[in-house]
Amino acid sequence: MDAARLAARINLLGPVLKARFGGPVAKIGLDAGLGCPHRGPQGRGGCTFCPPGGAGRGLGHLSITRQLELGYQRLAGRAARAGRPLPRLLAYFQAHTSTHAPPGVLAALFQEAIAFPGLAGLVVSTRPDCLDPPRWELISRLAGRLPLWLELGLQSAHEPTLAAINRGHGLACFDAAVAQAKDRGIEVVAHVILGLPGEGLEHTRATARHLAGLGVWGVKMHNLMVLQGAPLADDYQAGRLTPWSLDEWSAAAAGFLARLPRQVVIHRLVADPGPERLLAPAWAARKDLALQALARYMQEHNLSQGDACPSAK
Ligand code: SF4
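Residues numbered from 1 in each chain as written. Predicted model: local features only at pLDDT ≥ 70, side-chain atom pairs only at ≥ 80, totals over all residues. Heavy atoms only, no water.

Caption draft 1: Seen up close, the overall build of the chain. Counting secondary structure elements, the chain contains 11 helices and nine strands. A total of 313 residues make up the chain; the buried ones form 52% of that total. When contacts within the chain are restricted to residue pairs at least 6 apart in sequence, long-range pairs at least 24 apart make up 81% of them. For the chain, the exposed area adds up to about 13,500 Å²; of that, 54% sits on carbon and sulfur atoms. Charged side chains in the chain number 33 positive and 23 negative. The centres of these two groups are separated by 6 Å. (Helix = DSSP H or I, 4+ residues; strand = E, 2+ residues; numbered from the N terminus. Buried < 20%, exposed > 50% of the residue type's maximum accessible area, 1.4 Å probe, protein only. Contact = heavy atoms within 4.5 Å. Areas by Shrake-Rupley, 256 points an atom, 1.4 Å probe, with all protein chains shown as cover. Lys, Arg positive; Asp, Glu negative; His and termini not counted. Charge placed at Lys NZ, Arg CZ, Asp CG, Glu CD.)

Caption draft 2: Region of the structure containing the site of the ligand. Around the ligand lies a shell formed by Cys36, Arg39, Gly46, Cys47, Phe49, Cys50, His96, Arg127 and Arg167. Its residues assigned to classes, the shell around the ligand shows four nonpolar, two polar and three charged. (Near = heavy atom within 4 Å. Nonpolar A, V, L, I, M, F, W, Y, C, P; charged D, E, K, R; others polar.)

Caption draft 3: Representation of the nonpolar core within the structure. Leu122 and Leu211 are the most contacted members of the largest nonpolar core, which has 71 residues in total. Counting 13 residues, the second-largest nonpolar core is a separate cluster that includes Val16, Phe21, Val25 and Trp149. (Core = buried A, V, L, I, M, F, W, Y, C linked by side-chain atoms within 4.5 Å.)

Caption draft 4: Seen up close, the packing of aromatic side chains. Enumeration according to the criterion identifies four aromatic pairs in this entry. Seen from their ring centres, Phe93 and Phe110 are 4.8 Å apart, and the 85° between their planes marks the pair as edge-to-face. Taken together, the positions of Phe93 in strand E2 (residues 88-93) and Phe110 in helix H4 (residues 103-114) put the pair 17 residues apart, joining distant regions of the chain. Taking the relative accessible area as the measure of exposure, Phe93 reaches 1% and is therefore buried. (Phe/Tyr/Trp six-rings, centres within 6.5 Å; stacked < 30°, edge-to-face > 60°.)

Right, here's the structure in full:
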């Protein structure tokens, strides 16, 4: 019900992919075991919100083919139980920084995924500062062969916030990567976090306006969560950080969406943490309640994506 109410107001990824591929599509998240250049001996300590495992699910020791097989079995089982057709598959190089390897190594990993039977496309998630000309060349070549989009972490369009979360790159770096991708006709999805330390409604809205100006294809929204092992956990436990309430988040998310053009594809509205690693806020463990709150807020305020975006008028 909430999904239907939200779909009427937001340009959600599911219907967009269904129209593009002519049926249901599902991503299989992959961990290529590449790690993150922002961590380790050569790194600068990692982002403060990111726990040691990042977005990985500990599968980095398995081959790409094996991870795709496991993902496919899971999806096939789910489809059979629900009496639904099997979705087409997208290989989602998701964990850590998926361009953090020499281009030859990356080419072999991506090729292994492409060879998986029935694969419909590739998704590559990375940092904007981990893309040099040879990597751009590789990604462009692949994008000429099959559907592909690039996911780039931004988190916030505010330099002080980027410094405070130890992002390790500035806004200009992200903007330049988006420009490079657009020059090559590659679709970009920006990752943002709503509720970062020191940010309020105005910061969130300004980040949306910045992304609207850049002309990104999609946006993946996360709500700030304090996860076990992330540097932010120390701030939270010492009382230096109070995550947003559900009401604060839903107002900010609605305002953010209202400032994005209607054609921007929303890949995610709220994050889905494993309950075992979530410290706060408690409401983040209930994605259903978060979506309900957002749907209610948008309905009560009669807001839809793009309503406060000048280019939508
Ligand atoms: S969020 Fe991404 S870039 Fe930042 S530390 Fe985690 S894996 Fe590295």
